[in-house]
Protein chains: 2
Amino acid sequence: MERMMGPLNGIRVLTVENFISAPLATMWLADAGADVVKVEIPGVGDSSRGVQPSRERDGDHRSLSFMRANRNKRSIELDLKGDADRERFDQLLQSADIFIENLRPSALAGLRLTYDDVKKVNPSIIYGAISGFGLPEFNSGDMPYQPALDVVAQAMGGLMYRPEGADKAPVYPGFPLADIFASANLQSAIYQALFHRERTGEGACIDISMLDGVVAFNELALIMRSALEQDASPGMHGLAAPFGSLPTRDGHIVVAVLGEAVWERFTAAMNKPEITQLPQFASGVLRHQHLAELEEHIHDWIDDLTTEQALEQLAAHGVPAGPVLSMDQVLELDNLHERGMIVTMDDPVWGPTRMAGNPLHSSLMEKIPMSPAPHLGADSADILADWIHEADDAR
Amino acid sequence: MERMMGPLNGIRVLTVENFISAPLATMWLADAGADVVKVEIPGVGDSSRGVQPSRERDGDHRSLSFMRANRNKRSIELDLKGDADRERFDQLLQSADIFIENLRPSALAGLRLTYDDVKKVNPSIIYGAISGFGLPEFNSGDMPYQPALDVVAQAMGGLMYRPEGADKAPVYPGFPLADIFASANLQSAIYQALFHRERTGEGACIDISMLDGVVAFNELALIMRSALEQDASPGMHGLAAPFGSLPTRDGHIVVAVLGEAVWERFTAAMNKPEITQLPQFASGVLRHQHLAELEEHIHDWIDDLTTEQALEQLAAHGVPAGPVLSMDQVLELDNLHERGMIVTMDDPVWGPTRMAGNPLHSSLMEKIPMSPAPHLGADSADILADWIHEADDAR
């Protein structure tokens, strides 16, 4: 296991986690140098190990899903319902700085993994949970007991009425933004708690809800509904136009015409300065109301242009714009490779595979480690030796 | 100014910021007890103060946009290009723990606000920047000099080919996810740097890119493109079906049928256990390929049911599902009020207005302060007195 200096050097994270939300957060902590130990059910492991597609080589089995969020971690197999393994688990817990879990909240009491259970074993622990709607002990009502996945939180936070096209039917944005934003919020709360522990010696209990994160994303629709008693229009910036994608001869661009200064520059780029005089285009809200008429002017300008030509003309006038890229094109951006945001993981089964790097770019994170996701239980003996000084022959 | 105990008590944040990305991050830091001082151009201020809609009362002018991300902060007017104010700014900087900015990177050198400039004034500062593609001093190429807004980063990170409907044309998800995820990443990096400073005494330079965050969100499409040489299907979980929204008699629900155990429970909820035997439905990938046929079975079941009835049947069989809610319905969820994720801000012009709370729910954040967004320059004298002990009569 490759270990580098990082801001979390010396910090021990014990995690009981599945799928994406908690695993991504602990992977980011591992990127920062934490020693992340993943406690997995013997012979089974993280549920994402069983998700297709997977590949085998020399009897070695690897799911692509599992590779997404488990680099730089170690794995130990422990049966939390068996006495000997539970004793080992509690010893690991005593040695840990941070405990993380994203199990279904209704399962925590049965596994003796509630905050109260864990705090009894380690009173200064930083306990970090991710769930759909919060932990039952801190919230009333039925919601904390309901099974909730990313898409459920997106739907219940009102986000599926925001994308373009959602005036006809709800639109799923197509990626697990509730999971991943929960990962980011857990990460922030963990660092906050570490800072607090360093100043006070106290631990903390963190209760991240996916629905909370979705509502944080939907902040504009919330304040508009409250203050204006109106809904944000689907797919649009409520207060600006044009805003969003436009077809060119060979692809699509996006433009963001926010404010009247940019509107003037946009009309100059189209060589149509005269339309700034039209009363129906006098503000973002008005242009939004007269979008069909506005789009005629835009098509008149853009229909004969390639993406490159349209972007050149907009850049010359300082209008914020860019190409709409496919993943193939994203992979070609030098900026992302140089920043370490696209990295290559040399997986023992899949071989060299590109994946997303770490979005915290700072002087503290200049080089992140790059060990592949662990095999199930691969590090059991090492972890017991390192953390609780249990020798191999003790088992 | 209401000040409560919080994990950032005693921490001073100086910020030169506009619109959403940095303001939201510093608002979250203010929620945690930091003293956040917003340096604004005299008579103008944060660009979002000029965005419509706005309201006036007794000559007092307030933009709704500005209220979104500026609670619990103080405002000082300083002309950074004037000698006397620049001297005051540098003294504030010496007194600060953290400096944050989200100006256009190409403007930083002219304002003497690059990391090098700021570090000369305060060597142990934590410097936090948000930009579209990273700061020019840490990245080669032209991209760091291009103007970039949320929608440009979304487009360039490939996310606009992910939503439902994006097989026809790129779809904008309708909310500023690149801005807000950058806020979250800046927040994590700031707390990471505070923890590091507590252990070592050293500052840090943080360089958050909106495009990096978008790529972190698009991690599944990235690894699928690399490992499988195929694109993630728009609007779908690449490896599962059914997954997403379904129309009921009176609304829409979402279901998440991930894995074969849930598939069996889903067919039982529909009272169609026999279809688990059909070879074309034998895996998520196959069901995804035979979606039209699968949807016939689903419609046969759901078309006569209300949202409530459909969700009851799914819950009885343990299938993760939920209603697709509008913002009006979101505002009625007790869970969110109880958790403080919907809060009421008593704005001096708009009156009591609901807005999103803080998504870091933990024992350290039990009660967050609730002061409205500051008037331009309202706290100038207080800030100079508190931070650099400059008396009123010195000006």
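Residues numbered from 1 in each chain as written. Chains lettered and ligands numbered in written order. Predicted model: local features only at pLDDT ≥ 70, side-chain atom pairs only at ≥ 80, totals over all residues. Heavy atoms only, no water.

Peer 1: What is the right way to look at the overall build of chain A in this model?
Peer 2: When helices and strands are tallied, chain A shows 15 helices and 13 strands. Long-range contacts, defined here as pairs at least 24 residues apart, represent 68% of the contacts in chain A between residues at least 6 apart. (Helix = DSSP H or I, 4+ residues; strand = E, 2+ residues; numbered from the N terminus. Contact = heavy atoms within 4.5 Å.)

Peer 1: Teacher, can you tell me more about the interface of chain A and chain B here?
Peer 2: Interface size, as often reported, equals the accessible area lost upon joining of the parts. Each side of the interface is counted separately: chain A has 126 residues, and chain B has 125 residues. At the boundary of chain A with chain B, total buried surface from both sides reaches about 11200 Å², with 66% on carbon and sulfur atoms. Three residues, Gln-192, Phe-195 and Met-327 of chain A, lead the burial of chain A against chain B; their summed loss comes to 6% of the area buried on that side. At the junction of chain A and chain B, the tally comes to eight salt bridges. Between Asp-212 of chain A and Arg-339 of chain B there is a salt bridge; the shortest N-O distance is 3.0 Å. The tally of links between chain A and chain B comes to 37 residue pairs in polar contact (both at pLDDT 80 or more). A per-element tally of the side of chain A that touches chain B places helix 6 (residues 177-200) of chain A first, with 16 residues. Looking at the side of chain A that touches chain B residue by residue, the class counts come to 80 nonpolar, 31 polar and 15 charged. (Buried area = accessible area lost by both parts, 1.4 Å probe. Salt bridge = Lys/Arg side-chain N within 4 Å of Asp/Glu carboxyl O. Polar contact = N/O pair within 3.5 Å; in protein donor to acceptor, adjacent residues only side chain to side chain. Nonpolar A, V, L, I, M, F, W, Y, C, P; charged D, E, K, R; others polar.)

Peer 1: Please clarify how the packing of aromatic side chains should be interpreted in this entry.
Peer 2: Given two aromatic rings, one states the distance between the centres and the angle between the planes to describe the pair. Residues and elements named next belong to chain B. Within this structure, the stated rule accounts for 20 aromatic pairs over all chains. Pairing Phe-99 with Tyr-127 gives two aromatic rings, centres 5.7 Å apart and planes at 40 degrees, and the pair type is tilted. Here Phe-99 is found in strand 6 (residues 98-101), whereas its partner Tyr-127 is found in strand 7 (residues 126-131), with 28 residues between them in sequence. Pair check on accessibility: Phe-99 and Tyr-127 agree, each one buried. (Phe/Tyr/Trp six-rings, centres within 6.5 Å; stacked < 30°, edge-to-face > 60°. Buried < 20%, exposed > 50% of the residue type's maximum accessible area, 1.4 Å probe, protein only.)

Peer 1: Just checking my understanding: could you explain the relation of the copies chain A and chain B for this structure?
Peer 2: The second copy of the chain is related to the first by a rotation about an axis and a shift along the axis. Between chain A and chain B, which share one sequence, the superposing operator has a rotation angle of 180 degrees and an axial displacement of 0.0 Å; the RMSD is 0.0 Å. Considering both components of the superposition, the chain copies are consistent with a two-fold axis. An overlap of 99% is found between the interface residues of chain A and their copies at the interface of chain B, pointing to a shared contact surface. (Least-squares fit on C-alpha atoms with pLDDT ≥ 70 in both.)

Peer 1: Can you walk me through helix 1 (residues 21-31) of chain A in this structure?
Peer 2: Residues lying three or four places apart along an α-helix face the same way, a consequence of the helix completing one turn every 3.6 residues. Residue and element names in this part refer to chain A. In terms of residue burial, helix 1 counts as a mostly covered element, since eleven of its eleven residues are buried. Those residues of helix 1 not exposed but buried are Ser-21, Ala-22, Pro-23, Leu-24, Ala-25, Thr-26, Met-27, Trp-28, Leu-29, Ala-30 and Asp-31. Positioned one or two residues after helix 1, Gly-33 has a phi angle of 105 degrees, which is positive.

Peer 1: Explanation requested: the sheet that holds strand 7 of chain B in the structure shown.
Peer 2: Across a sheet, paired strands are connected by hydrogen bonds in the backbone, their directions being either parallel or antiparallel. All names here are of chain B. The strand order 5-2-1-6-7-8 describes an open sheet built from six strands, whose pairing is parallel. The open sheet has two edge strands with one neighbour each: strand 5 (73-77) and strand 8 (204-209). Adjacent strand axes in the sheet meet at a mean angle of 20 degrees when their direction is disregarded. With six bridges connecting them, strand 7 and strand 8 associate as parallel partners. Bridging across to strand 8, Tyr-127 finds its partner in Cys-205. Relative to the sheet, helix 16 (residues 380-388) contacts strand 1 (12-16), strand 2 (35-40) and strand 5, its axis offset from that of strand 5 by approximately 100 degrees. (Pairing = 2+ DSSP bridges. Axes fitted to C-alpha atoms, helices over the stretch in contact; angles between N-to-C directions.)

Peer 1: Looking at this structure, how should I read the packing of helix 1 (residues 21-31) of chain B against helix 7 (residues 177-200) of chain B?
Peer 2: Axis angle and axis distance: for two packed helices, these are the angle between their axes and the distance between the axes, and together they describe the pair. Residue and element names in this part refer to chain B. Where helix 1 meets helix 7, the axes come as close as 8 Å, and the angle between the chain directions of the two elements is 45 degrees. Judged by the angle between their axes, helix 1 and helix 7 are oblique. In this structure, helix 1 crosses over helix 7, and the sense of that crossing is right-handed. Where helix 1 abuts helix 7, its residues Ser-21, Leu-24, Ala-25, Trp-28 and Leu-29 lie against Asp-179, Ile-180, Ser-183, Ala-184, Leu-186, Gln-187, Ile-190 and Tyr-191. Split into classes, the residues belonging to the contact of helix 1 with helix 7 amount to nine nonpolar, three polar and one charged. (Parallel < 35°, antiparallel > 145°, perpendicular 65-115°, else oblique. Left-handed = near helix turned anticlockwise from the far one by under 90°.)

Peer 1: What is the right way to read the sheet that holds strand 9 (residues 243-247) of chain B from this model?
Peer 2: Residue and element names in this part refer to chain B. Across the sheet, three strands lie side by side as 9-10-11; this open sheet has antiparallel pairing. The strands lining the two open edges of the sheet, one partner per strand, are strand 9 and strand 11 (321-323). Pairs of neighbouring strands in the sheet enclose a mean axial angle of 25 degrees, with direction left out of account. Both strand 10 (residues 252-256) and strand 11 contribute to a ladder of three bridges, which runs antiparallel. When the sheet's bridge partners are listed, Val-255 is paired in strand 11 with Ala-321. The strands touched by helix 13 (residues 307-316) are strand 10 and strand 11; relative to strand 10, the strand with the most contacts, the crossing angle is about 20 degrees.

Peer 1: What should I look at first to understand the packing of helix 6 of chain A against helix 7 (residues 210-217) of chain A in this one?
Peer 2: All names here are of chain A. Here helix 6 crosses helix 7 at 100 degrees, and the two axes come no closer than 8 Å. The angle between helix 6 and helix 7 falls in the class roughly perpendicular. Across from Leu-177, Ala-178, Asp-179, Phe-181, Ala-182 and Asn-185 in helix 6, the residues of helix 7 making contact are Met-210, Gly-213, Val-214, Ala-216 and Phe-217. In terms of residue class, the contact of helix 6 with helix 7 is built from eight nonpolar, two polar and one charged.

Peer 1: Sorry if this is basic, but what is going on with the confidence of the model for chain A here?
Peer 2: One rule of thumb: low pLDDT means the predicted coordinates there are not for detailed reading. With 97% of its residues at a pLDDT of 70 or more, chain A has an overall mean of 94. Both scores are available for the predicted complex, with the pTM at 0.96 and the ipTM at 0.96. (pLDDT = per-residue confidence, 0-100.)

Peer 1: How should the pattern of salt bridges be read in this particular structure?
Peer 2: Side-chain pairs of opposite charge can arise whenever the charged atoms involved come near each other. Following the criterion strictly, the structure yields 40 salt bridges over all chains and no others. A salt bridge links Asp-231 of chain A to Arg-225 of chain A, with the shortest nitrogen-to-oxygen separation between them at 3.3 Å. On the basis of relative accessible area, Asp-231 of chain A is assigned to the partly exposed category, the value being 45%. Across the pair Asp-167 of chain B and Lys-168 of chain B runs a salt bridge, and its minimum N-O distance is 3.7 Å. Of the two residues examined, Asp-167 of chain B and Lys-168 of chain B, each falls in the exposed class. Linked by salt bridges that have partners in common, Glu-17, Lys-38, Asp-46 and Lys-73 of chain A make up one network.

Peer 1: It is not clear to me how the domain arrangement of chain A should be interpreted in this structure. Could you clarify?
Peer 2: What the domain assignment lists for chain A is domain 1 (12-219 + 336-393) and domain 2 (243-327). A C-alpha centroid distance of 42 Å is found between domain 1 of chain A and domain 2 of chain A. (Domains from an automatic or database assignment.)

Peer 1: Please explain the side chain of Arg-197 of chain B as it appears in this structure.
Peer 2: Residues and elements named next belong to chain B. Looking at the secondary structure, you find Arg-197 in helix 7. With a relative accessible area of 18%, Arg-197 lands in the buried category. In this structure, Arg-197 is in contact with Ile-11, Asp-97, Ser-124, Ile-126 and Glu-202, ignoring residues within four places of it in sequence.

Peer 1: Would you take a moment to explain the pairing of strand 2 (residues 35-40) of chain A for this structure?
Peer 2: As a general feature of sheets, a regular strand has side chains that alternate between the two faces. All names here are of chain A. For strand 2, a buried count of six out of six residues is recorded, marking the element as mostly surrounded by other parts of the structure. Going residue by residue along strand 2, you find Asp-35, Val-37 and Val-39 tucked away on one face and Val-36, Lys-38 and Glu-40 tucked away on the opposite face as well. Bridge count for strand 1 (residues 12-16) against strand 2 is four bridges, and the pairing is parallel. In the strand pairing of strand 2, Arg-12 is matched with Asp-35. At this point the chain moves from strand 1, through helix 1, to the parallel strand 2, and the crossover so formed is right-handed. (Right-handed = clockwise from strand over helix to strand, strands pointing away.)

Peer 1: Looking at this model, I keep getting lost on the side chain of Thr-15 of chain A. Mind explaining?
Peer 2: Residues and elements named next belong to chain A. Following the sequence through the fold, Thr-15 ends up in strand 1. Relative accessible area serves as the criterion here: at 0%, Thr-15 is assigned to the buried category. Not counting residues up to four positions away in its chain, the partners in contact with Thr-15 are Thr-26, Val-36, Val-37, Lys-38, Val-39 and Ile-100.

Peer 1: I tried to follow the pairing of strand 7 (residues 126-131) of chain A on my own but got confused; where do I start?
Peer 2: Residues and elements named next belong to chain A. The element strand 7 is extensively covered by neighbouring structure, given that six of its six residues are classed as buried. Residues Ile-126, Gly-128 and Ile-130 of strand 7 are buried on one face, and the alternating residues Tyr-127, Ala-129 and Ser-131, pointing to the opposite face, are buried as well. Relative to strand 7, strand 6 (residues 98-101) is paired through four bridges, and the arrangement is parallel. Residue pairing across strands places Phe-99 opposite Tyr-127, the latter belonging to strand 7. Between strand 6 and its parallel partner strand 7, the chain crosses via helix 4 (residues 115-121), and the hand of that crossover is right-handed.

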